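Tertiary structure, described
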Amino acid sequence: MIRKDELLKNPVTGIFDSPVGPIGLGANPRGLGFCVFLDGLRPLPASFRTGPGKCASIHITLALKFLARYFSGRPTDIGETIAKGLVFDFDGFTDREKEVYRTLLGIPWGKTISYRDLAARSGCPNGARFAGNTMAKNRFPVLVPCHRVIRSDGTPGRYSSGEHIKKKLLEMEERIF
């Protein structure tokens, strides 16, 4: 869940009404500040709905286009969106946390990785708990796909927006549990 101070630094300037709940997006001059599920705001009032191209920030616009493609069920690659100019504002994260997020960006649609393996690939051997705590702080779920990080036994594990949302995202990517 996003902290109130993050909302103040990055006002909600875009909302995407996804099949699993509304997603709020905020940006600042450094990039996309957050892209999080807005619990408890469903159904979304029509005046709050927005779509690709209706926001001033290029970061919001690119993120909305990515979300539209993602939730249409078509395999997506965040790397393409980053190449078009999407920048994540990772302000407030440690260098180690940023490295975990950068590594996670390389996990493709329909694939998963364990917390332990994510930590090892990020240069933190024996850092499964650290990777899990880093996932819990992710301000960019779906875009920085923390739902693709699962337990070593193959079960989904926790998700800051609710385990039911994590399972729905994985099911949508055809990783059925």
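Scope of this entry: the structure provided in the associated data block. Being a predicted model, the structure only gives us computed values, none of them experimental.

For side chains bearing opposite charge, pairing can occur when the charged atoms are close. Counted according to the given criterion, the structure contains 5 salt bridges. Taking the shortest distance from any N to any O, the salt bridge between glutamate 97 and lysine 137 comes out at 2.4 Å. Remark: lysine 137 occurs in the loop between α6 (128–136) and β5 (149–150) and glutamate 97 occurs in helix α4 (residues 95–104); sequence separation between them is 40 residues. Owing to a relative accessible area of 45%, lysine 137 belongs among the partly exposed residues under this scheme. Each of Arg30, Asp89 and Asp91 takes part in a single network of salt bridges with overlapping partners.

As a further point, take the nonpolar core. By size, the foremost hydrophobic cluster in this structure holds 43 residues, and its most contacted members are Leu25, Leu32, Leu67, Phe88 and Leu143. Elements that contribute at least two residues to this core include exactly β2 (21–28), β3 (31–37), α2 (58–71), α4, α5 (115–121), α6 and α7 (163–172). With 8 residues, the single largest contributor to this core is α2. Look past the residues within four positions of leucine 143 in its chain and what remains in contact with it is Leu32, Cys35, Ala63, Phe66, Leu67, Ile78, Phe88 and Leu105.

To continue, consider α2. Here α2 contains 14 residues, and its C-alpha end-to-end distance of 20 Å stays within 8% of the 20 Å for a straight helix at 1.5 Å per residue. Burial analysis of α2 places 10 of its 14 residues in the buried class, the great majority of the element. Looking at α2, one finds that the buried residues are His59, Ile60, Thr61, Leu62, Ala63, Leu64, Phe66, Leu67, Tyr70 and Phe71. Where α2 begins, the side chain of serine 57 points an oxygen toward the backbone nitrogen of histidine 59, at a separation of 3.1 Å. Taken from the residues just after α2, glycine 73 is the one with a positive phi, measuring 90°.

Here we come to α4. Looking at α4, one finds that the buried residues are Glu97, Val100, Tyr101, Thr103 and Leu104. Viewed along the axis of α4, the buried residues span an arc of 160°, placing them on a single side of the element. Residues of α4 that are buried make contact with α5, α6 and β5.

Attention shifts here to the environment of proline 75. Note on placement: proline 75 falls in the loop between α2 and α3 (78–83). Ignoring any residue separated from it by four or fewer positions in sequence, one finds proline 75 in contact with Arg69 and Trp109.

Here we take up the packing of aromatic side chains. Applying the stated rule across the entire model yields 10 aromatic pairs. Centre to centre, the rings of tyrosine 70 and tryptophan 109 are 5.1 Å apart; their planes meet at 70°, and the pair counts as edge-to-face. With tyrosine 70 in helix α2 and tryptophan 109 in the loop between α4 and β4 (113–114), the pair connects residues that are 39 residues apart, well separated along the chain. For the pair tyrosine 70 and tryptophan 109, a shared accessibility class is recorded, and that class is buried. A centroid spacing of 5.1 Å and a plane angle of 80° characterise the contact between phenylalanine 93 and tyrosine 101, whose relative ring orientation is edge-to-face. Tyrosine 101 carries the same exposure label as phenylalanine 93, and that label is buried.

Turning our eyes to something else, we now look at the pairing of β2. For β2, the tally of buried residues reaches 8 of 8 residues, placing the bulk of the element in the interior. Relative to β3, β2 is paired through 6 bridges, and the arrangement is antiparallel. Bridged to alanine 27 within β3 is leucine 32. The loop that links β2 with its antiparallel partner β3 comprises 2 residues.

The next point concerns the packing of α4 against α6. For the pair α4 and α6, interaxial distance at closest approach is 10 Å and the crossing angle is 80°. By the angle between their directions, the pair α4 and α6 is classed as roughly perpendicular. Each of Arg96, Glu97, Val100, Tyr101 and Leu104 in α4 lies in contact with α6, whose residues at this interface are Phe130, Thr134 and Met135. The class makeup of the residues in the contact of α4 with α6 is 5 nonpolar, 1 polar and 2 charged.

Rules and cut-offs
Residues numbered from 1 in each chain as written. Predicted model: local features only at pLDDT ≥ 70, side-chain atom pairs only at ≥ 80, totals over all residues. Heavy atoms only, no water. Salt bridge = Lys/Arg side-chain N within 4 Å of Asp/Glu carboxyl O. Helix = DSSP H or I, 4+ residues; strand = E, 2+ residues; numbered from the N terminus. Buried < 20%, exposed > 50% of the residue type's maximum accessible area, 1.4 Å probe, protein only. Core = buried A, V, L, I, M, F, W, Y, C linked by side-chain atoms within 4.5 Å. Contact = heavy atoms within 4.5 Å. Expected span 1.5 Å × (residues − 1). Polar contact = N/O pair within 3.5 Å; in protein donor to acceptor, adjacent residues only side chain to side chain. Arc of directions from axis to C-beta. Phe/Tyr/Trp six-rings, centres within 6.5 Å; stacked < 30°, edge-to-face > 60°. Pairing = 2+ DSSP bridges. Axes fitted to C-alpha atoms, helices over the stretch in contact; angles between N-to-C directions. Parallel < 35°, antiparallel > 145°, perpendicular 65-115°, else oblique. Nonpolar A, V, L, I, M, F, W, Y, C, P; charged D, E, K, R; others polar.

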